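Listed below, chain by chain, are the residues.
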Amino acid sequence: MARTDLPYRKGVGVMLFNADGLVFIAKRIDMTSEAWQMPQGGIDRGEDPVNAAFRELKEETNVTSARIIGQTDGWLKYDLPDELVPILWKGQYRGQEQLWFAMKLDGAEDEIDIEGEYAEFSEWRWTPIETLPDLIVPFKRALYERLVAEFKHLANTP
């Protein structure tokens, strides 16, 4: 089956802002490069995207004190590079189709714990929203540029 005949995996992503308008990013444990990303993951069967976003945020960061302040205008897609298609998700998908949510951290920063049961990250930090496209793996750069454009006005939401 050709890569272009494969479906997209349905998923969600979270752009988590702190009180200073900075965005949470983390470095994946399984990456040797300096690529960073925001929390994201698949939608379980029967799960709605909002619940999936809160679940992924909790699993990857331990954060439960957050609220939604925005959502992308539709689903955003990215394609995996050809060499990753057979490796990720057992070769069943060509990439992901994601609904993204902007969230505001309402709790204390010490709520963040990336070493939980589902640890995917080795380190984390806060970064200005404008820097996101330069920190992500190249094949997701266009998606992150669109996220910056859609969510930049939310950075300083109280």
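Before reading further, recall that the structure is shown in the block above.
Residues numbered from 1 in each chain as written. Predicted model: local features only at pLDDT ≥ 70, side-chain atom pairs only at ≥ 80, totals over all residues. Heavy atoms only, no water.

A. Quick look at the overall build of the chain. Broken down by element type, the chain carries 3 helices and 8 strands. From first element to last, N terminus to C terminus, the chain shows the α and β order β-β-β-β-α-β-β-β-β-α-α. The C-alpha atoms of the chain give a radius of gyration of 15 Å, which matches the 15 Å a tight globule of 158 residues would have. In terms of its C-alpha atoms, the chain occupies a principal-axis envelope of roughly 50 × 35 × 30 Å. Contacts in the chain between residues far apart in sequence, at least 24 positions, make up 73% of those at least 6 positions apart. Here the chain has roughly 8,100 Å² of accessible surface; of this, 49% comes from carbon and sulfur atoms. (Helix = DSSP H or I, 4+ residues; strand = E, 2+ residues; numbered from the N terminus. Rg over C-alpha atoms; globule rule 2.2 N^0.38 Å. Contact = heavy atoms within 4.5 Å. Areas by Shrake-Rupley, 256 points an atom, 1.4 Å probe, with all protein chains shown as cover.)

B. Inspection of the side chain of Glu47 at higher detail. With respect to the helices, strands and loops of the structure, Glu47 is situated in the loop between strand 4 (40–42) and helix 1 (49–61). According to the relative accessible area criterion, Glu47 is buried, its value standing at 19%. A polar atom in the side chain of Glu47 sits 2.9 Å from the backbone nitrogen of Asp44. The residues contacting Glu47, other than those within four sequence positions of it, are Gly42, Ala52 and Arg55. (Buried < 20%, exposed > 50% of the residue type's maximum accessible area, 1.4 Å probe, protein only. Polar contact = N/O pair within 3.5 Å; in protein donor to acceptor, adjacent residues only side chain to side chain.)

C. Geometry of the pairing of strand 7 (residues 95–105). Of all 11 residues making up strand 7, 11 are buried, and the element is well covered by its neighbours. Judged from the 5 bridges that link them, strand 5 (residues 66–71) and strand 7 form a sheet pairing that is antiparallel. When the bridges of strand 7 are listed, Arg67 appears paired with Lys104. (Pairing = 2+ DSSP bridges.)

D. The packing of aromatic side chains, seen in detail. Under the criterion given, the structure shown has 6 aromatic pairs. Seen from their ring centres, Trp89 and Tyr93 are 6.2 Å apart, and the 80 degrees between their planes marks the pair as edge-to-face. Ring pairs connect the aromatic residues Phe24, Trp124 and Trp126, which therefore count as one cluster. Lying across the ring of Trp36, Arg125 places its NZ or CZ 4.3 Å from the centre. (Phe/Tyr/Trp six-rings, centres within 6.5 Å; stacked < 30°, edge-to-face > 60°. Lys NZ or Arg CZ within 6 Å of the ring centre and 35° of its normal.)

E. Up close: the nonpolar core. In this structure, Met15, Phe17, Met38, Leu132, Leu147 and Phe151 are the most contacted members of the largest nonpolar core, which totals 27 residues. Those elements that place two or more of their residues in this core are strand 1 (8–17), strand 2 (23–28), strand 6 (76–79), strand 7, helix 2 (132–135) and helix 3 (141–151). Of the residues forming this core, the biggest block, 5 residues, is contributed by helix 3. If near-sequence neighbours (up to four positions away) are discounted, Phe151 is found in contact with Met15, Phe17, Gly70, Gln71, Thr72, Trp100, Phe101, Ala102 and Ile129. One finds Phe24, Ala26, Val63 and Leu99 within the second-largest nonpolar core, a separate group that totals 18 residues. (Core = buried A, V, L, I, M, F, W, Y, C linked by side-chain atoms within 4.5 Å.)

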